[in-house]
Amino acid sequence: LSYVDSTTKVNYETVSLPNVQFYTNSDILLPSSAGDLQKLAEYLTKNDSLNATIYGHTDNVGDAVANKTLSQNRAEAVKAYFVSKGISDTKLKSIGYGSEMPIADNATPKGKEANRRVDFILTY
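The shown structure was predicted, so the numbers you read here are calculated from the model rather than taken from an experiment. (Residues numbered from 1 in each chain as written. Predicted model: local features only at pLDDT ≥ 70, side-chain atom pairs only at ≥ 80, totals over all residues. Heavy atoms only, no water.)

(A) Here's a closer look at the nonpolar core. L44, V78, F82 and F120 are the most contacted members of the largest nonpolar core, which has 20 residues in total. Looking at this core, the elements with two or more residues in it are strand 2 (10-21), helix 1 (34-46), strand 3 (51-56), helix 2 (64-84) and strand 5 (117-123). (Core = buried A, V, L, I, M, F, W, Y, C linked by side-chain atoms within 4.5 Å. Buried < 20%, exposed > 50% of the residue type's maximum accessible area, 1.4 Å probe, protein only. Helix = DSSP H or I, 4+ residues; strand = E, 2+ residues; numbered from the N terminus.)

Spelled out as structure tokens, the structure:
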């Protein structure tokens, strides 16, 4: 989805990559994350005017403060991946939200897995 924010005149695009996932209680990416991350890295490289904000999330298991830290570490892990692919650190920002913004039911294993994710806002 592309939007124009009429207040700030910034164009932005929200990108969800549901296959970018993490092990439980970890900021280590699941191997299945590599394909989508590589595609986004290539897109960012080809579109040098883009900046990316990476939002890290967790499921609701554990302490809320620890989950906030974990989600920040997850966002940082994705940022480090992009930097390793040649994307400038200055074009990337990472923010952790903990378990504050679930997209699925935390009562099921599948829901918890879906909530251990990152989302992206691309601005240009």
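(B) Region of interest: helix 2. The end-to-end C-alpha distance of helix 2, which contains 21 residues, comes to 30 Å, matching closely the 30 Å that a straight helix rising 1.5 Å per residue would cover. Along helix 2, the positions that sit buried rather than exposed are N67, L70, S71, R74, A75, A77, V78, K79, Y81 and F82. Buried residues along helix 2 sit in contact with helix 1, strand 3, strand 4 (92-96) and strand 5. In this structure D63 caps helix 2, since a side-chain oxygen of it lies 3.1 Å from the backbone nitrogen of V65. (Expected span 1.5 Å × (residues − 1). Contact = heavy atoms within 4.5 Å. Polar contact = N/O pair within 3.5 Å; in protein donor to acceptor, adjacent residues only side chain to side chain.)

(C) Geometry of the packing of aromatic side chains. As enumerated under the stated definition, the model contains 3 aromatic pairs in all. Among the aromatic side chains, those forming a connected cluster through ring pairs are Y81, F82 and F120. (Phe/Tyr/Trp six-rings, centres within 6.5 Å; stacked < 30°, edge-to-face > 60°.)

(D) Local environment of the side chain of H57. Here H57 lies in the loop between strand 3 and helix 2. Judged by its relative accessible area of 1%, H57 falls in the buried class. Residues contacting H57, with those up to four places away along its chain left out, are S71, R74, Y97, G98, M101, N115, R116, R117, V118 and D119.

(E) How the structure looks around helix 1. For helix 1, with 13 residues, the first-to-last C-alpha span of 18 Å sits near the 18 Å given by 1.5 Å per residue. Within helix 1, burial applies to D36, L37, L40, A41 and L44. Within helix 1, the buried residues cover an arc of 135° as seen down the axis, which keeps them to one side. Opposite its buried face, helix 1 presents the exposed residues K39 and K46, each directed more than 90 degrees away. Where helix 1 is buried, its residues touch strand 2, strand 3, helix 2 and strand 5. (Arc of directions from axis to C-beta.)

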